[in-house]
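Read off the chains here:
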Amino acid sequence: MSFPHPWTRRDFLRVAALASGAAAVSRHPAAQAGQRPATVSLPVADLPVGTSPPALALPHFPSRLHAFVWRNWSLVPPTRLAAVVGARAKDIVALGQAMGLGRPPRITRDQRRRSYITVIKRNWHLLPYEQLLALLGWSADQLAYTLREDDFLLIKLGNLKPRCEPLRWAKPDATMRQRAQDMARVVAAAFGPYPAATRDPHFGFVARLTAPVARSARSEGPDSSLRFCYSYFALYGDPLLDPAADPYPDGLLARLAARGVTGVWLQGVLSRLAEFPWDPAASRGAETRLKNLRRLVDRAARHGIQIVLYLNEPRSLPLRFFETRPKLKGVVEGDYATLCSSVPEVQGYLRASVATVCRTVPGLGGFFTITASENLTNCWSHGQGGACPRCGPRGPAAVIAEVNRLIAEGIGDAGGTQRLLAWDWGWGDDWAGEAIERLPAEAALMSVSEWSLPLERGGVRTEVGEYSLSAIGPGPRARRHWARAQARGLRTVAKIQTGCTWELAAVPYLPVLGNVAQHIANLRQLGLRDLMLGWTLGGYPSPNLEVVAEVLRGPAEEPAALVERALMTVATRRFGPAMAPAVVTAWRAFSVAFQEFPYHGSVVYSAPLQTGPANPLWTEPTGYAASMVGFPYDDLDGWRGPYPAEVFASQLEKVADGFGAARRDLTEASGPMLARMTPRSPTPEAIALSEELRLAEAAMIHFRSVANQTRFVLARRDYGAAKDREAALAALAKMERYANAEFELARRLHALQSADSRIGFEATNHYFYVPLDLAEKVLNCRHVLDEWLPAQRSKW
């Protein structure tokens, strides 16, 4: 069986844009060029709703009000919850305690600031926009901006707003009170009296990663190669204007430097950093941002780290902007149009703004560009350049190479030494070669290493469409592009994922260091030493980052020996010489198991990989399609991509089995060390080992859960198709089996996340789930087991 087209993030964004009328998330002019609206007031009625289907019912709660209190208990103070529904705070507290939630947890201002996406998601099916805004304390403008600009949040939410009636406080009736008591008994039996209490509070890892360290210790001397990653916990926003949003505190920089990182990146929007000539007000605060950027550059340099800006330019603008400037207008997409980069005035703007940045911040490490994906930018950025009378005849290669040339010229105009990395992300195979030939001589070509790597898993043939840690690159596309660039004398850069990918991003890193080390050894053989270590995920200061540096700095030797030496060096440094061999054996076993992962773009973006057992079991089809790393629902046919459902589940079970076996072996080998660890005097090596075991178990649970959910949906289908009692009862027995399995996985993951706040978190999605979501899954499973299944059996 073959499936030739590997879906990518670009495909999901493009299809979602077409389905929703493209970029029309917010219609106000202040949203231009990524600016947060300040003075224009957007009516709530203009917030996007899409097809607006009815919100999903949650029968495991006594009422929608109970669900609202439960889901927000650990994230929003009772006073705010009360204000949203017209209650008193003591009413909210009493309702929560009646469900067994115990006393309300303390919620800090920083936790609230960092959890807005988590809050939006958990209330998406509960509240209408008016009450969601009240819960957040936002204006409609702020929400419109976030839905559009915060890593395409609306697309992650499904490009629609479920239809919800206003939620108002009403005293629970006797039936609701009885159901709440039943819930409380289930909760107490599974989690004790305080299911929301955690040993490690939400975002507790932020304080640990920002705490000062003695110095950015490195075992090697100065390193001229570039190995750069993204902040593990950066918030979207305006970090160069808002000091509270600093994505790179010194503690994090020091920890990254100690693991061999030599650069970090953040997004730059040119209209925020230099004068936007057609509307200077859009550039308000640019001088302050540049001053703060220079300070960040200077701070990072003290750790041996460069700052690299990501440019996705020139940013599109609302159609009303072009009413008085029609000559600047390029391709139209929804309510937005491009600033056509074939227009001399736009070219001048790009050169001048880049020059301003380079001149003001001479120590800036450089820029990398995306020119054929993400936001609508140049006329060919979303493949529709033929609609522009200027760019259409020129073709995508000429236009996209020219955008990179203009940026290079801006660097040159400032006399700068900044690097320019032209990323071929989204470049079409039919014109990428020509674009490489047209790139400026000063540019380096960056390519996703594992792209187009052929795979066969479970008898299904496909290929890597973007990022993967289960496949070991480089692939043929990157090799082809690098060779063409090198023939021109251009430098080449490999884009890889080091810590995690969308195969699983709900852990800070996947312990598949064997795959990582082999990939880097392969790149080293090709002469590639400059690396982008990750997109917005995978930037945790992990052993994965360490092993990359070790492979690159090692002596010239056979790849197998190089990989073994690097793995042993990192393991010895982190876990001590006695445990290092067992840890390396486990890393290799995790890596081999992960190579069974059923890779495909549809799988990594649609399946419940990130939510794991926090995704509810639905006894009836929801009718909702899975969204991009957002809501998986029960959309099995959307989850599995080209894999038959049975093969899909089987491959995930192979991964889970492999992780489980490797973890058991490592646990057995580490018994003596962990037995000597006491709460008062744990050694660093023992702490590191217990954390490694915890993350491996969390990953195993996620993979196992997706397989369980797949088999539950299959059994539900069998039940729906059953024609006789025997077939119906057999299907119900399978549903019971997998509901029980999910019950146990949710309980176990609740314990793991309660002890480690990194689990379930990713920078652009905040928390995929919190412990109370896993407790809710227990309630969901009990509803299936104790109410729904008996009712169905009684029919036969």
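Residues numbered from 1 in each chain as written. Predicted model: local features only at pLDDT ≥ 70, side-chain atom pairs only at ≥ 80, totals over all residues. Heavy atoms only, no water.

Notes on the overall build of the chain
Looking only at helices and strands, the chain has 29 helices and 15 strands in total. At 26 Å, the chain has a C-alpha radius of gyration in line with the 28 Å of a compact globule built from 796 residues. Expressed as a percentage of the 796 residues in the chain, the buried residues total 64%. Summed over its atoms, the accessible surface of the chain is roughly 28200 Å², and 53% of this surface lies on carbon and sulfur atoms. Here the chain carries 92 positive and 75 negative side-chain charges, and the mean point of each set is 4 Å from the other. (Helix = DSSP H or I, 4+ residues; strand = E, 2+ residues; numbered from the N terminus. Rg over C-alpha atoms; globule rule 2.2 N^0.38 Å. Buried < 20%, exposed > 50% of the residue type's maximum accessible area, 1.4 Å probe, protein only. Areas by Shrake-Rupley, 256 points an atom, 1.4 Å probe, with all protein chains shown as cover. Lys, Arg positive; Asp, Glu negative; His and termini not counted. Charge placed at Lys NZ, Arg CZ, Asp CG, Glu CD.)

Let's talk about the sheet that holds strand E5 (residues 329–333)
In space, the 3 strands of this open sheet follow the order E4-E6-E5, with antiparallel pairing throughout. A single partner strand is all that each edge strand has here, and the edge strands are strand E4 (317–318) and E5. Strand direction decides the pairing type here: E4 and strand E6 (residues 336–339), joined by 2 bridges, are antiparallel. Its bridge partner lying in E6, proline 318 is registered against tyrosine 336. (Pairing = 2+ DSSP bridges.)

With respect to the nonpolar core
Within the largest apolar cluster, 194 residues are counted, with the highest numbers of intra-cluster contacts made by Phe368 and Phe703. Broken down by element, this core gets its largest block of residues, 14 residues, from helix H27 (residues 684–721). Not counting residues up to four positions away in its chain, the partners in contact with phenylalanine 703 are Glu503, Leu504, Phe594, Phe597, Leu609, Leu652, Val655, Ala656 and Phe659. Listed in part, the 77 residues of the second largest apolar core include Phe191, Tyr624, Phe631 and Ala728. (Core = buried A, V, L, I, M, F, W, Y, C linked by side-chain atoms within 4.5 Å. Contact = heavy atoms within 4.5 Å.)

A closer look at the environment of arginine 208
Tracing the backbone shows arginine 208 in helix H11 (residues 204–210). You can call arginine 208 partly exposed: its relative accessible area is 42%. In this structure the C-alpha to C-alpha distance between arginine 208 and glycine 251, which are 43 residues apart in sequence, comes to 8.5 Å. Side chain to side chain, arginine 208 and aspartate 200 meet in a polar contact 2.9 Å long. (Polar contact = N/O pair within 3.5 Å; in protein donor to acceptor, adjacent residues only side chain to side chain.)

A few points about the pattern of salt bridges
Counted under the stated rule, the structure contains 45 salt bridges. The salt bridge partner of aspartate 238 is arginine 289, with a shortest N-O separation of 2.7 Å. Residue aspartate 238 is found in the loop between strand E1 (227–230) and helix H12 (250–258), and its partner arginine 289 is found in helix H14 (residues 286–301); the two are separated by 51 residues along the sequence. Across the pair, arginine 289 and aspartate 238 agree in class, each one buried. The salt bridge involving arginine 758 is made with glutamate 691; its shortest N-O contact spans 3.9 Å. Linking arginine 758 in the loop between helix H28 (725–755) and strand E14 (761–762) with glutamate 691 in helix H27, this pair joins segments that are 67 residues apart in sequence. For arginine 758, a relative accessible area of 4% corresponds to the buried category. When its relative accessible area of 27% is taken as the criterion, glutamate 691 is described as partly exposed. In this structure, a network of salt bridges that share partners links the residues Glu546, Glu550, Arg553, Glu557, Arg565, Arg573 and Arg574. (Salt bridge = Lys/Arg side-chain N within 4 Å of Asp/Glu carboxyl O.)

As for the environment of cysteine 358
Along the chain, the position of cysteine 358 falls in helix H15 (residues 344–360). When its relative accessible area of 3% is taken as the criterion, cysteine 358 is described as buried. Each C-alpha atom of the pair cysteine 358 and glycine 304 lies 19 Å from the other, and the pair is 54 residues apart in sequence. What cysteine 358 contacts, discounting residues up to four positions off in sequence, is Phe367, Ile411, Ala414 and Gln418.

A short note on the sheet that holds strand E13 (residues 531–532)
Adjacent strands of a sheet pair through backbone hydrogen bonds, lying either parallel or antiparallel. The 8 strands are arranged E1-E2-E3-E7-E8-E9-E12-E13 in a closed barrel whose pairing can be described as parallel. Pairing analysis gives 3 bridges linking E1 to strand E2 (residues 263–267), with the strands arranged parallel. Among the inter-strand pairings, cysteine 229 is bridged to a residue of E2, identified as valine 264.

Quick notes on empty space enclosed by the protein
For the structure shown, the criterion picks out 8 cavities of 30 Å³ or more. Space inside the largest cavity adds up to approximately 510 Å³. Along its surface, the largest cavity is lined by 33 residues, and Glu149, Tyr230, Tyr236, Gln267 and Tyr310 are the ones closest to its centre. Ranked by residue count, the leading element in the lining of the largest cavity is E2, at 3 residues. For the lining of the largest cavity, the class distribution of residues is 16 nonpolar, 7 polar and 10 charged. Roughly 410 Å³ of volume is contained in the second largest cavity. Forming the boundary of the second largest cavity are 23 residues, of which Arg71, Lys121, Ala614, Pro616 and Phe631 lie nearest the centre. Elements that contribute at least two residues to the lining of the second largest cavity include exactly helix H6 (116–123) and helix H29 (771–794). Ranked by residues supplied to the lining of the second largest cavity, first place goes to H29 with 4 residues. (1 Å grid on protein atoms, 1.4 Å probe; cavity = no way out; pocket = protein on both sides within 12 Å on 5 of 7 lines; lining within 4 Å. Points joined across faces, edges and corners; volume = space filled by probe spheres on them. Nonpolar A, V, L, I, M, F, W, Y, C, P; charged D, E, K, R; others polar.)

A few points about H28
When the terminal C-alpha atoms of H28 are compared, their 45 Å separation across 31 residues agrees well with the 45 Å that a helix rising 1.5 Å per residue should span. A distance of 3.2 Å separates the backbone nitrogen of glutamate 726 from a side-chain oxygen at the start of H28, and that oxygen is part of aspartate 724. (Expected span 1.5 Å × (residues − 1).)

Re the pairing of strand E10 (residues 454–457)
Along E10, the buried face is formed by Leu455 and Arg457; none of Pro454 and Glu456, which line the opposite face, is buried. Relative to strand E11 (residues 460–463), E10 is paired through 4 bridges, and the arrangement is antiparallel. The partner of leucine 455 across the bridge, within E11, is threonine 462. In sequence, E10 turns back onto E11 through a hairpin of 2 residues, with glycine 458 there showing a positive phi of about 65 degrees.

Concerning the side chain of arginine 71
With respect to the helices, strands and loops of the structure, arginine 71 is situated in helix H2 (residues 64–72). At 2.8 Å, the side chain of arginine 71 forms a polar contact with the side chain of glutamate 776.

Looking at the confidence of the model for the chain
Across the chain, the average pLDDT comes to 93, with 93% of residues at 70 or higher. Every residue in residues 1–6 is under pLDDT 50, and counting partners more than four places away or in other chains gives 18 contacts. For residues 18–39, every residue scores under 50 in pLDDT, and the model assigns this stretch 64 contacts once sequence neighbours within four places are set aside. (pLDDT = per-residue confidence, 0-100.)

What about the packing of helix H26 (residues 645–676) against H27?
For the pair H26 and H27, interaxial distance at closest approach is 8 Å and the crossing angle is 160 degrees. Put simply, H26 runs roughly antiparallel to H27. Seen along the crossing, H26 lies across H27 with a hand that is left-handed. Of the residues contributing to the contact of H26 with H27, the split by class is 20 nonpolar, 6 polar and 8 charged. (Axes fitted to C-alpha atoms, helices over the stretch in contact; angles between N-to-C directions. Parallel < 35°, antiparallel > 145°, perpendicular 65-115°, else oblique. Left-handed = near helix turned anticlockwise from the far one by under 90°.)

Observations concerning the packing of aromatic side chains
Applying the stated criterion across every chain, the model contains 42 aromatic pairs. Summarising the aromatic geometry, the rings of phenylalanine 594 and phenylalanine 659 are spaced 6.3 Å apart at their centres and angled 75 degrees between planes, so their arrangement reads as edge-to-face. Here the residue phenylalanine 594 occupies a position in helix H23 (residues 580–594), and phenylalanine 659 occupies one in helix H26, the gap between them amounting to 65 residues. With relative accessibility at 0%, the residue phenylalanine 594 sits in the buried group. Phenylalanine 659 gets classed as buried once you look at its relative accessible area, which sits at 0%. Geometrically, the ring pair formed by tyrosine 719 and tryptophan 788 is edge-to-face, given 6.0 Å between the ring centres and 75 degrees between the ring planes. With tyrosine 719 in helix H27 and tryptophan 788 in helix H29, this pair connects stretches of sequence that are 69 residues apart. Counting every residue linked through ring pairs, the aromatic cluster contains Phe228, Tyr230, Trp265, Tyr310, Phe368, Trp423, Trp425, Trp451, Tyr467 and Trp535. Lying across the ring of tyrosine 336, arginine 148 places its NZ or CZ 3.8 Å from the centre. Over the face of the ring belonging to phenylalanine 321 we find arginine 325, whose NZ or CZ atom lies 4.2 Å from the ring centre. (Phe/Tyr/Trp six-rings, centres within 6.5 Å; stacked < 30°, edge-to-face > 60°. Lys NZ or Arg CZ within 6 Å of the ring centre and 35° of its normal.)

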